[in-house]
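# Fold and geometry: a report
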Amino acid sequence: MAENEELEKVDEGETRQKVLVADDEASIRRILETRLKMVGYDVVVAEDGEEAVELFNKTNPDIVILDVMMPKMDGYGVTREIRRTSDVPIIILTALGDVSERITGLELGADDYVIKPFSPKELEARVKAVLRRTISKDVIIPASASSSASSGSSKNNKNVITTGMIKIDTARRQVFRKNERIRLTGMEFSLLELLVNNSGQAYSRNEILQHVWSYPADHRIDTRVVDVHISRLRSKLEADPTNPELILTARGIGYMFQRIN
């Protein structure tokens, strides 16, 4: 992992976004802390899983970068703990040849992964892309407003898309079924938003990676990151995830949302 790659600073805002980096390798922590601070993030670091959970609860970071193999608690355990209470974006760091590590991390709720060894510039691009897609934080909405949003229709509110029992509020980035909020991660919502806004149109996995994860067109990547996110969405939205009626498989192409008239 090279330290002297060109830096691309993030846009300056009112507050600096905070990154939690958890890795048991001191050299990786040092490089990532230095690089991410130089491009404009606040950074906190942990050297094991237990410390990662403790710092997460104390510092409320905007994004978490987790190594899979850590002492005391591995990256999977940390992901489970975070997902009990938070939809904060998570990027896992995983070994080159271990596909099962990547899939397991994604299934537990990680938003993306980066394969070791990696270039800091690649990781910075992944952080920037994920944060851009998940910039909208969970906002506590009064019960009356939440009920109004969930009971609205596309005829009365252009930001609310209704299909069957599912209502999708694109302004609040929230989804409801029968007035009950369905919790989605930021990347899950962005994927759903892409498919819903283009209902009836099939997207290939590579196209989805480009639109949602901002992967370049020539980036060779394991497209199962898309498959896992589709599976996660189906488990949350479909009455029968094994026989989906909303998020459909377009044979030979990829995925599409049912056509909304």
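One can find the structure itself at the top, above this paragraph.
Residues numbered from 1 in each chain as written. Predicted model: local features only at pLDDT ≥ 70, side-chain atom pairs only at ≥ 80, totals over all residues. Heavy atoms only, no water.

## What about the overall build of the protein?
Within the protein, the regular secondary structure consists of 9 helices and 12 strands. Expressed as a percentage of its 261 residues, the buried residues of the protein come to 49%. Look at the contacts in the protein between residues 6 or more apart in sequence, and 59% of them connect residues 24 or more apart. (Helix = DSSP H or I, 4+ residues; strand = E, 2+ residues; numbered from the N terminus. Buried < 20%, exposed > 50% of the residue type's maximum accessible area, 1.4 Å probe, protein only. Contact = heavy atoms within 4.5 Å.)

## Side note on the packing of helix 1 (residues 26-38) against helix 5 (residues 120-133)
Viewed as axis vectors pointing N to C, helix 1 and helix 5 meet at an angle of 55°, and their least axial separation amounts to 11 Å. Considering their axes alone, helix 1 and helix 5 lie oblique with respect to each other. Here helix 1 and helix 5 pass one another in a crossing that is right-handed. Judged by residue contacts, Ile31, Leu32, Arg35 and Leu36 of helix 1 engage Pro120, Lys121, Leu123 and Glu124 from helix 5. The class makeup of the residues in the contact of helix 1 with helix 5 is 5 nonpolar, no polar and 3 charged. (Axes fitted to C-alpha atoms, helices over the stretch in contact; angles between N-to-C directions. Parallel < 35°, antiparallel > 145°, perpendicular 65-115°, else oblique. Left-handed = near helix turned anticlockwise from the far one by under 90°. Nonpolar A, V, L, I, M, F, W, Y, C, P; charged D, E, K, R; others polar.)

## Overview of the nonpolar core
Of all hydrophobic cores here, the largest spans 68 residues; its most connected members are Leu123, Val175, Leu192, Ile208, Trp213 and Leu237. Top contributing element to this core by residue count: helix 7 (residues 186-197), with 7 residues. If sequence neighbours within four positions are ignored, Leu192 has contacts with Ile168, Val175, Leu184, Leu233, Leu237 and Phe257. (Core = buried A, V, L, I, M, F, W, Y, C linked by side-chain atoms within 4.5 Å.)

## Structural notes on the packing of aromatic side chains
In the structure shown here, the tally under the stated rule is 0 aromatic pairs. One cation-aromatic arrangement involves Arg126 over Tyr215; the distance from NZ or CZ to the ring centre is 3.9 Å. (Phe/Tyr/Trp six-rings, centres within 6.5 Å; stacked < 30°, edge-to-face > 60°. Lys NZ or Arg CZ within 6 Å of the ring centre and 35° of its normal.)

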